[in-house]
Amino acid sequence: MKNYIVHFIRGLWSLLVGMYTTLRVFFRKKTTERYPENRKQLVMFDRFRGELVLLHDEQNHHGCIACGICETNCPNGTIRLTSEMVTDEAGKKKKVLVEYQYDHGSCIFCQLCVRTCPQRTLAFIPTFEHAVFTREKLVHKLNREGSSVAPKPVAGSSITA
Amino acid sequence: MNISIQETVFFALAAVIGLFSILTVTTKRLLRSATYLLFVLFATAGIYFQLDYAFLGAVQLTIYAGGIIILYVFSILLTNQQADEKLERLKNSKVLAGAVAAVAGAGITLFLLLAHPFGPSRLASGEVPVKAVGTALMGTSKYQYLLPFEVISILLLACIIGGIMIARKR
Amino acid sequence: MFDFSIITRWIDQLLRGVMPDAAATVVECVLIGLALLLGYAVIALALIYVERKVCAWFQCRLGPNRVGPFGLLQSVADMIKMLIKEIIEIKHVDKFLFGLAPYIVIIASVTAFACLPFGRGLQVLDFNVGIFFLIAVSSIGIVGILLAGWASNNKYSLIGAMRSGAQMISYELSIGLSILTMVVLSGTLQVSGIVEGQVDGWYLFKGHLPAVIAFVVYLVAGTAETNRGPFDLPEADSELTAGYHTEYSGMHFGFFYLAEYLNMFIVAGVAATLFLGGWMPLHVPGWAGFNEVMDYIPSIAWFFGKVGVMIFVIMWFKWTFPRLRIDQLLRLEWKYLLPINLLNLLLMVIVVVYKLHF
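Keep in mind the model is a prediction, meaning the values are calculated, not measured.

Participant: Help me understand the overall build of chain C in this model?
Facilitator: In terms of helices and strands, chain C carries 14 helices and zero strands. When the helices and strands of chain C are placed in sequence order, the string is α-α-α-α-α-α-α-α-α-α-α-α-α-α. Computed over C-alpha atoms, the radius of gyration of chain C comes to 21 Å, within 12% of the 21 Å expected from 2.2 N^0.38 for 358 residues, which places it in the range of a compact globule. The principal-axis extents of the C-alpha atoms in chain C amount to approximately 65 × 60 × 45 Å.

Rendered as structure tokens:
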């Protein structure tokens, strides 16, 4: 009998505690983002993986040496590198990136390419408005027009997407 | 041809009672039968309300429509594996026996109705006050019903104990 | 305070002036029916909106905010969608019972709705057994739910219906007993009489301890009775998809949906009537000036304000507590609520007999 009453009162108390907790949440500031309206001030978390980019510095240099590690590591075949052999002034043969093709539509954002890049020249940026009307538009060319490989690795230099 | 609203309502209710009573016993599906019975009970409650006896009407609704019918439906759902199958036709002899019983019952009821001298109502017109109902149920003098009330409650108690006994016997 | 019976009497005299009494009665019945159904639908729409907003706020969200300002037109849009949806015919079901079930549920709900005192002189059904009649008609809804579950020819629906039946029959006892406790205090079953009796203070304050216990028990049992909140086993989306109304579509489903919300309104309305004085303003005996000021607020606003608070509490239950298991549900009723209720009834009788109430 004593047990019964004690259990009852304890249960009632725990229910009241629960109701107090939810009532506090009720009056808390709401976390909902009203997306199209708050477009201007909406900031994504920096860990959000929106889209792969090849980092370029101010002189339009990127760090890609066309080694193809990212291409082989990509589980989906999302990355396709086109490269050519160029002989420089010193007569050395060197592989040079022609086109870094990235298919956004088949990327699973696993970040294997970024992790394995020996030059640290790949990164994910937190953009998120990616909707397009055809799948072809999802295939991006990541190296910019007229860009060239940097004389030194650009890791740590200013990041421009 | 001069029918008041009261009479119209009464005849409508009577027609509903008659129609659904017949449907209750003639339908081949158990659950439909229970549903038709529900309508009969609704219409009966309607007649009580028409007689300005709201207490009995409410009791009719809560005990019969809300209680008994639900017990019926429950017991049909719990016991009958083929609640949705149609029942087979009764044997002719059974139909005959049923018809005779029905006619005899109707005859007795009619005889009593016609032969009974209905006295004037003891209560003033209008709704029966709940207080009167309560004192009549709980009093011991003439026209008061404490004894039947208690006897029925003992009967119900016996029913509950019996039900538990049957349920416990595995 | 404004008395709505002035308006109704005026309409009555107007009608009786232009047509015979019998025809006037019929026209009045039709008018009252239309007004009731209109009020029913509007309140249901408002409640659906409020439920979604309150639910969202409890979960730190904003809720509907796209259709109309603050999402106010959301439930109107939902209603239009519901009205134009196809009613799907299920194979191998008893079509008569399948079609009948939602109507039984909605009729029971509308009839109970008609017993509520919305304001001074604004009550449709006022029998001398009013509150008992209200319990009686609201208990009919169970039949509709059982029929719906059985007629759907779907085992989940049937389980939902059986749970619903067991739950509603059990909790009706608690509702009945807690209402009985208050009837002992008020000394009448008539709804208008109960409201008039609270002119010098609401029963929740007049009956102090037993009234407060009855109030809590009533709220718990009422929440269970409407198949809501932590007691939503009959629907239990995660176990039974939607329980007894899984197979229903279009407006047939709409009827169940409406009845569910309006049953919540009815439970809240009865709580407001029995414990918080219905449309009666807050009166404190002895404070004449305060009472006068309170009288300026219209009675209908008082009623809807109290009902709103009660509805908020019921929603608060729903969005706070996790769902009970069926055995926990029945244990709560038979081992806790019922004994407490019986003791409380005894306590109330003692309080009333020895005049210990205010």
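Participant: I would appreciate a short explanation of the nonpolar core in the present structure.
Facilitator: Side chains of a nonpolar character, in soluble globular proteins, are inclined to be buried together. Of all hydrophobic cores here, the largest spans 131 residues; its most connected members are Phe-113, Phe-265 and Phe-275 of chain C. Examining the composition of this core, we find that 17 residues originate from one element, helix α11 (residues 250-276) of chain C, more than from any other. Ignoring anything within four residues of it in the chain, the contact list for Phe-265 of chain C reads Ile-43, Leu-47, Phe-113, Leu-116, Phe-118, Phe-303, Phe-304, Val-307 and Ile-311 of chain C. With 18 residues, the next largest nonpolar core counts Ile-79, Leu-81, Leu-97 and Tyr-100 of chain A among its residues.

Participant: I tried to follow empty space enclosed by the protein on my own but got confused; where do I start?
Facilitator: A water-sized probe rolled over the atoms picks out the places where empty space is left. All names here are of chain C. Evaluation of the coordinates by the stated rule reveals three cavities of 30 Å³ or more. A volume near 330 Å³ is recorded for the largest cavity. Ser-138, Glu-225, Thr-226, Asn-263 and Val-267 are the residues nearest the centre of the largest cavity, which is lined by 27 residues in total. Looking at which element gives the most residues to the lining of the largest cavity, the answer is α11, with seven residues. Taken together, the residues of the lining of the largest cavity break down into 17 nonpolar, six polar and four charged.

Participant: Honestly, the packing of aromatic side chains in this entry has me stumped. Any pointers?
Facilitator: We describe a pair of aromatic rings using the distance from one ring centre to the other and the angle between the two ring planes. Evaluated as defined, the whole model comprises 34 aromatic pairs over all chains. Between Phe-26 of chain A and Phe-58 of chain C, the aromatic rings sit 4.7 Å apart at their centres with planes inclined by 50 degrees, giving tilted as the arrangement. With one member in each of two chains, Phe-26 of chain A in helix α1 (residues 2-26) and Phe-58 of chain C in helix α2 (residues 21-58) form a pair that bridges those chains. Given the relative accessible area of 5%, Phe-58 of chain C is considered buried. Ring pairs connect the aromatic residues Phe-26 and Phe-27 of chain A together with Trp-57, Phe-58, Phe-312 and Trp-316 of chain C, which therefore count as one cluster.

Participant: So what exactly am I meant to see when it comes to the side chain of Thr-27 of chain B here?
Facilitator: Residue and element names in this part refer to chain B. Residue placement: Thr-27 occurs in the loop between α1 (5-26) and α2 (30-50). Among the residues examined, Thr-27 registers a relative accessible area of 18% and is labelled buried. For Thr-27, the contacting residues outside a window of four places in its chain are Arg-32, Ser-33 and Tyr-36.

Participant: How should I be thinking about the arrangement of the chains in this particular structure?
Facilitator: There are two pairs of chains in contact here; the most contacts are made by chains B and C. Contact between chain A and chain B is absent, and the least distance between their C-alpha atoms amounts to 25 Å.

Participant: Explain the sheet that holds strand β3 (residues 79-87) of chain A to me, please; I cannot follow it from the model alone.
Facilitator: Residue and element names in this part refer to chain A. As summarised here, the arrangement of the three strands in space is β3-β4-β6, forming an open sheet in which the pairing is antiparallel. Looking along the sheet, the strands with just one partner apiece sit at the ends: β3 and β6 (139-141). Averaged over all pairs of adjacent strands, the angle between strand axes in this sheet comes to 25 degrees, irrespective of strand direction. Across three bridges, the pairing between strand β4 (residues 93-103) and β6 is antiparallel. Directly across from Asp-103, in β6, lies its bridge partner Val-139.

Participant: Is there a simple way to think about the pattern of salt bridges in this case?
Facilitator: Under the definition given, this model contains seven salt bridges over all chains. One salt bridge in this structure joins Glu-129 of chain A and Arg-39 of chain A, with 3.0 Å as the shortest N-O distance. Separated by 90 residues along the polypeptide, Glu-129 of chain A in the loop between β5 (122-125) and β6 and Arg-39 of chain A in the loop between α1 and β1 (51-54) bring together distant segments of the chain. Residue Glu-129 of chain A is classed as partly exposed on the basis of its relative accessible area of 41%. Its relative accessible area of 53% is what places Arg-39 of chain A among the exposed residues. Two residues, Arg-325 of chain C and Asp-327 of chain C, come together in a salt bridge whose shortest N-O distance is 2.9 Å. For Asp-327 of chain C, a relative accessible area of 37% gives the class partly exposed. Here the residues in one salt-bridge network are Glu-51, Arg-228 and Lys-318 of chain C, joined through shared partners.

Participant: I would appreciate a short explanation of the domain arrangement of chain B in the present structure.
Facilitator: By a widespread convention, an interface's size corresponds to the accessible area lost as its parts come together. Entries for chain B in the domain assignment read domain 1 (1-82) and domain 2 (129-170). Just the C-alpha atoms count here: the centres of domain 1 of chain B and domain 2 of chain B sit 24 Å apart.

Participant: Would you mind showing me how to read the interface of chain C and chain A here?
Facilitator: Across the boundary between the two partners, chain C contributes 18 residues, which contact 17 residues of chain A. Around 1,700 Å² of area is buried between chain C and chain A when both sides are counted, 74% of it from carbon and sulfur atoms. Here chain C is connected to chain A by one salt bridge. The partner of Arg-66 of chain C in a salt bridge is Glu-37 of chain A, and the shortest N-O contact between them spans 3.4 Å. Taken together, the connections running from chain C to chain A amount to seven residue pairs in polar contact (both at pLDDT 80 or more).

Participant: Can you help me understand the pairing of β4 of chain A in this one?
Facilitator: On any regular strand, side chains alternate: one points to one face of the sheet, the next to the other face. All names here are of chain A. Summarising the sheet, β3 and β4 pair through nine bridges and their orientation is antiparallel. Counted as the bridge partner of Glu-84 is Val-96 from β4. Turn length for the β3-β4 hairpin, with the two strands adjacent in sequence and antiparallel, is five residues, and the turn residue Gly-91 shows positive phi of about 85 degrees.

Participant: Sorry if this is basic, but what is going on with the environment of Val-67 of chain C here?
Facilitator: All names here are of chain C. As for its placement among the helices and strands, Val-67 is situated in the loop between α2 and α3 (74-84). The partly exposed category is assigned to Val-67, whose relative accessible area is 30%. Filtering out sequence-adjacent residues up to four positions away, Val-67 remains in contact with Leu-72, Leu-73, Gln-74 and Ala-77.

Participant: Got a minute to help me understand the interface of chain C and chain B in this structure?
Facilitator: Contacts between the two partners involve 29 residues from chain C and, on the opposite side, 30 residues from chain B. A buried area of about 2,500 Å², summed over both sides, lies between chain C and chain B, and 82% of it is on carbon and sulfur atoms. Seen at the junction of chain C and chain B, the total is zero salt bridges. Across the chain C-chain B interface, the total number found is zero residue pairs in polar contact (both at pLDDT 80 or more).

Participant: Just checking my understanding: could you explain the confidence of the model for chain B for this structure?
Facilitator: Atom-level detail of predicted coordinates should not be read off regions where pLDDT is low. Across chain B, pLDDT averages 82, with 88% of residues at or above 70. The weakest mean pLDDT in chain B belongs to helix α5 (residues 130-138) of chain B at 80; the strongest belongs to helix α6 (residues 146-168) of chain B at 90.

Participant: Help me understand the side chain of Glu-333 of chain C, please; the structure alone is not making it clear to me.
Facilitator: Residue and element names in this part refer to chain C. Turning to its location among the elements, Glu-333 is positioned in helix α14 (residues 326-353). This buried residue, Glu-333, is left without a salt bridge; Arg-331 holds the nearest opposite charge, at 12 Å. If near-sequence neighbours (up to four positions away) are discounted, Glu-333 is found in contact with Ser-170, Tyr-171, Leu-173, Ser-174, Leu-338 and Pro-339.

Scoring rules and cut-offs
- Residues numbered from 1 in each chain as written.
- Chains lettered and ligands numbered in written order.
- Predicted model: local features only at pLDDT ≥ 70, side-chain atom pairs only at ≥ 80, totals over all residues.
- Heavy atoms only, no water.
- Helix = DSSP H or I, 4+ residues; strand = E, 2+ residues; numbered from the N terminus.
- Rg over C-alpha atoms; globule rule 2.2 N^0.38 Å.
- Core = buried A, V, L, I, M, F, W, Y, C linked by side-chain atoms within 4.5 Å.
- Buried < 20%, exposed > 50% of the residue type's maximum accessible area, 1.4 Å probe, protein only.
- Contact = heavy atoms within 4.5 Å.
- 1 Å grid on protein atoms, 1.4 Å probe; cavity = no way out; pocket = protein on both sides within 12 Å on 5 of 7 lines; lining within 4 Å.
- Points joined across faces, edges and corners; volume = space filled by probe spheres on them.
- Nonpolar A, V, L, I, M, F, W, Y, C, P; charged D, E, K, R; others polar.
- Phe/Tyr/Trp six-rings, centres within 6.5 Å; stacked < 30°, edge-to-face > 60°.
- Pairing = 2+ DSSP bridges.
- Axes fitted to C-alpha atoms, helices over the stretch in contact; angles between N-to-C directions.
- Salt bridge = Lys/Arg side-chain N within 4 Å of Asp/Glu carboxyl O.
- Domains from an automatic or database assignment.
- Buried area = accessible area lost by both parts, 1.4 Å probe.
- Polar contact = N/O pair within 3.5 Å; in protein donor to acceptor, adjacent residues only side chain to side chain.
- pLDDT = per-residue confidence, 0-100.
- Lys, Arg positive; Asp, Glu negative; His and termini not counted.

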